[in-house]
Amino acid sequence: MTSETTRAPQVRPRTEGWTQRKDAAGRPLLQFASPRRGKPPAHLADLTPEQRVEKVTELGLPAFRAAQLEKHFFVHCTHDPAEMTDLPAAGRDELVHTLLPPLLTEVRRLETDRGDTVKFLWKLHDGALVESVLMRYPGRITLCVSSQAGCGMNCPFCATGQAGLTRNMSAAEIVAQVVRANRVIADGQLGDPRKVGHAGERVSNIVFMGMGEPLANYARVMQAVRVMTDKKHGMGMSARGITVSTVGLVPAIRKLSDEGIPVTFALSLHAPDDELRDEMIPVNSRWKVDEALDAAREYFEKTGRRVSIEYALIKDMNDHGWRADLLADKLNARGRGWVHVNPIPLNPTPGSVWTASEKPVQEEFVRRLEAHGIPTTIRDTRGKDIDGACGQLVATESDQQAAAATPVEA
Ligand code: SAH
């Protein structure tokens, strides 16, 4: 160890202003199973293309009605029977209500970056609240989607985990976030319509970095990804443009590697040593740093897709130069060219005593990784002023920041 190790302070993760939930053994509570709540209404997007045909046949209709409904919802982004004039008027309302029930009620919309970043608060059928964040960049439009209401992973630096897991979202609820965002874009409501917006513009990239741990809701997240990527029966998006981010559920990472859908995979590592990661990421008690990195490497081997390592830079906690070196060593020990690192300066969350690393420390962290040959890009996080940045999504109806930002009438 260098003298720097002894000089640099080590802040330990602790919580202030809120109490982290603990299990019977006094460890941070982990919730893998979704609490049972009333099921969201069944929806076309929950079904496979074959099941959709079965369903319309059951309703006594010709099979091609399924394809018409798919087009209306996934391509024209509507669930309004009045817009579906190619369906016979008799029974139309009932058919649409059965297969395309409304799933998300817009509660609030906040904008920043001159309208290029929009955060939506949605209410689900049972009153559960989730958020998604839509971001326009030059040449792409990214939607950050939620996969669960709340989150059971209990990471102390992330606002979403503080209230625990409310429930898993259905595949259709996940997909509906994209459909609604596409509708907003089509209606010219993302950014200045004079400077942007060619006809047919839509979400090009999805990041599963909203509320929830996507791999703890595996089957529904995968169904949603299938719908997003299906060219004939879904939204026809590129799998490469979809990023699935996980805190490190190793068996689920393995499963994902075998799906044959080349999504971009991101591992939220945040510390290269178990001593610190045990405290920052409670799930590290199940799967250690080395196991998570092995699974990430396997993902690369099976899919050929370069993986991302997410690393929130927190002042004096995980931003030490020696940790950058250790991270690089662990990545290089598993080969070259398979991974890149995305440091994210910590976004403030309520009750958190931690702050983002200072600029020169961030730069030194990046410099060291690069010196070891690890491609590294500091991630630009959007929407801090509307609590819409990574780790800030809590979905309460009375956001502290709401008054400061621009609310948009739904
Ligand atoms: N549960 C998944 C996805 C949701 S979080 C996961 O953990 O990967 C999306 C990203 O934001 C993760 O990398 C997460 O660690 C990071 N994050 C959480 N809280 C943050 C904060 N306060 N500041 C910056 N990034 C944060």
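Note that the coordinates shown come from a computational prediction; the quantities given were computed from them, not determined experimentally.

**Student:** Go over the overall build of the chain with me, naming the residues and quoting the values.
**Tutor:** Looking only at helices and strands, the chain features eleven helices and twelve strands. Relative to the globule expectation of 22 Å for 410 residues, the C-alpha radius of gyration of the chain, 22 Å, shows essentially globular dimensions. Across its three principal directions, the C-alpha atoms of the chain cover 80 × 50 × 45 Å. If you take every contact in the chain between residues at least 6 apart in sequence, the share linking residues at least 24 apart comes to 69%.

**Student:** So what about the domain arrangement of the chain? Which residues, and what values?
**Tutor:** Domain assignment breaks the chain into domain 1 (44-99), domain 2 (102-152 + 163-224 + 390-410) and domain 3 (247-382). Between domain 1 and domain 2, the residue contacts involve six residues of the former and ten residues of the latter. Residue composition of the side of domain 1 that touches domain 2, by class: four nonpolar, one polar and one charged.

**Student:** Requested: an account of the site of the ligand, with residues and values cited.
**Tutor:** Inspection of the region around the ligand gives 17 residues, with Cys158, Ser268, Glu310, Cys390 and Gly391 positioned closest. If you list the elements that add at least two residues to the shell around the ligand, you get strand E8 (242-246) and strand E10 (307-313). Here the shell around the ligand is built from residues that sort into nine nonpolar, six polar and two charged. Three or more residues apiece are contributed to the shell around the ligand by two domains, here domain 2 (102-152 + 163-224 + 390-410) and domain 3 (247-382).

**Student:** Outline unusual backbone geometry, listing residues and values.
**Tutor:** Located in the positive-phi region is Asp113, a residue other than glycine, with phi close to 50°. Within the secondary structure, Asp113 is located in the loop between strand E1 (105-112) and strand E2 (117-123). A positive phi angle, near 70°, is found at His270, a position not held by glycine. With respect to the secondary-structure elements, His270 resides in the loop between strand E9 (264-268) and helix H8 (274-280). The class for His270 is buried, based on 28 C-beta atoms found within 10 Å.

**Student:** Describe the nonpolar core, and please don't skip the residues or the numbers.
**Tutor:** With 112 residues, the main nonpolar core has Val175, Val178, Ile206, Met228, Ile253 and Ala296 as its most contacted residues. Counting residues per element, this core draws most heavily on helix H5 (residues 171-186), which supplies ten residues. Residues contacting Ala296, with those up to four places away along its chain left out, are Ile253, Phe265, Leu267 and Val307.

**Student:** So what's going on with the packing of H5 against helix H6 (residues 218-229)? Which residues, and what values?
**Tutor:** One way to put it is that H5 packs onto H6 with a least axis distance of 8 Å and a crossing angle of 40°. Considering the angle they form, H5 stands oblique to H6. Of the two elements, H5 crosses H6, and the hand of that crossing is right-handed. Residues Ala171, Ile174, Val175 and Val178 of H5 pack against Arg220, Val221, Gln223, Ala224, Val227 and Met228 of H6.

**Student:** Give a detailed account of helix H9 (residues 289-303), specifying residues and quantitative values.
**Tutor:** Helix length check: H9 (15 residues) gives 21 Å between terminal C-alpha atoms against 21 Å at 1.5 Å per residue, within 8%. Among the residues making up H9, those that are buried are Val289, Ala292, Leu293, Ala295, Ala296, Tyr299 and Thr303. All buried residues of H9 fall inside an arc of 160° around its axis, so they share one side. Here the buried face of H9 lies against helix H7 (250-257), E9, H8, E10 and helix H10 (321-332). Where H9 terminates, the next one or two residues include Gly304, which has phi positive at roughly 75°.

**Student:** Can you break down helix H3 (residues 64-75) residue by residue, with the values?
**Tutor:** Here H3 contains twelve residues, and its C-alpha end-to-end distance of 16 Å stays within 8% of the 16 Å for a straight helix at 1.5 Å per residue. Looking at the packing, one finds that the buried side of H3 touches helix H2 (49-58), helix H4 (92-99) and H5. Trailing H3 by a residue or two, Cys77 shows a phi angle of about 55°, which is positive.

**Student:** Describe the pairing of strand E4 (residues 140-144), naming the residues involved and giving the relevant values.
**Tutor:** Successive side chains on a regular strand alternate, one facing one side of the sheet and the next facing the other. The buried fraction of E4 is high, at four of five residues. Where strand E3 (residues 129-137) lies against E4, five bridges are found, and the strand directions are antiparallel. Looking at E4, one finds that Leu134 is bridged to Leu143. In this antiparallel pair of consecutive strands, E3 and E4, the connection spans two residues, and Gly139 shows a positive phi of 85°. Where E4 meets strand E7 (residues 205-208), three bridges bridge the pair, whose relative direction is parallel. The partner of Cys144 across the bridge, within E7, is Val207.

**Student:** So what about the environment of Pro41? Which residues, and what values?
**Tutor:** Along the chain, the position of Pro41 falls in the loop between helix H1 (3-7) and H2. Under the C-beta neighbour-count criterion, Pro41 is labelled partly exposed, with 17 such atoms within 10 Å. Between the alpha carbons of Pro41 and Ala172 there is a distance of 9.2 Å; along the sequence they are 131 residues apart. Not counting the four nearest positions on each side in its chain, Pro41 is found in contact with Pro101, Leu103 and His125.

**Student:** Please provide a residue-by-residue account of the environment of Ser245, values included.
**Tutor:** Take Ser245: it is sitting in strand E8. Expressed as a C-alpha distance, the spacing of Ser245 and Ile309, which sit 64 residues apart in the sequence, is 9.3 Å. In contact with Ser245, other than residues within four places in its own chain, are Val207, Phe208, Met209, Pro214, Ala266, Ser268 and Glu310.

Conventions we followed
- Residues numbered from 1 in each chain as written.
- Predicted model: local features only at pLDDT ≥ 70, side-chain atom pairs only at ≥ 80, totals over all residues.
- Helix = DSSP H or I, 4+ residues; strand = E, 2+ residues; numbered from the N terminus.
- Rg over C-alpha atoms; globule rule 2.2 N^0.38 Å.
- Contact = placed C-beta atoms within 7 Å.
- Domains from an automatic or database assignment.
- Nonpolar A, V, L, I, M, F, W, Y, C, P; charged D, E, K, R; others polar.
- Near = placed C-beta within 6 Å.
- Buried ≥ 20, exposed ≤ 12 C-beta atoms within 10 Å, placed from the backbone.
- Core = buried A, V, L, I, M, F, W, Y, C linked by C-beta atoms within 7 Å.
- Axes fitted to C-alpha atoms, helices over the stretch in contact; angles between N-to-C directions.
- Parallel < 35°, antiparallel > 145°, perpendicular 65-115°, else oblique.
- Left-handed = near helix turned anticlockwise from the far one by under 90°.
- Expected span 1.5 Å × (residues − 1).
- Arc of directions from axis to C-beta.
- Pairing = 2+ DSSP bridges.

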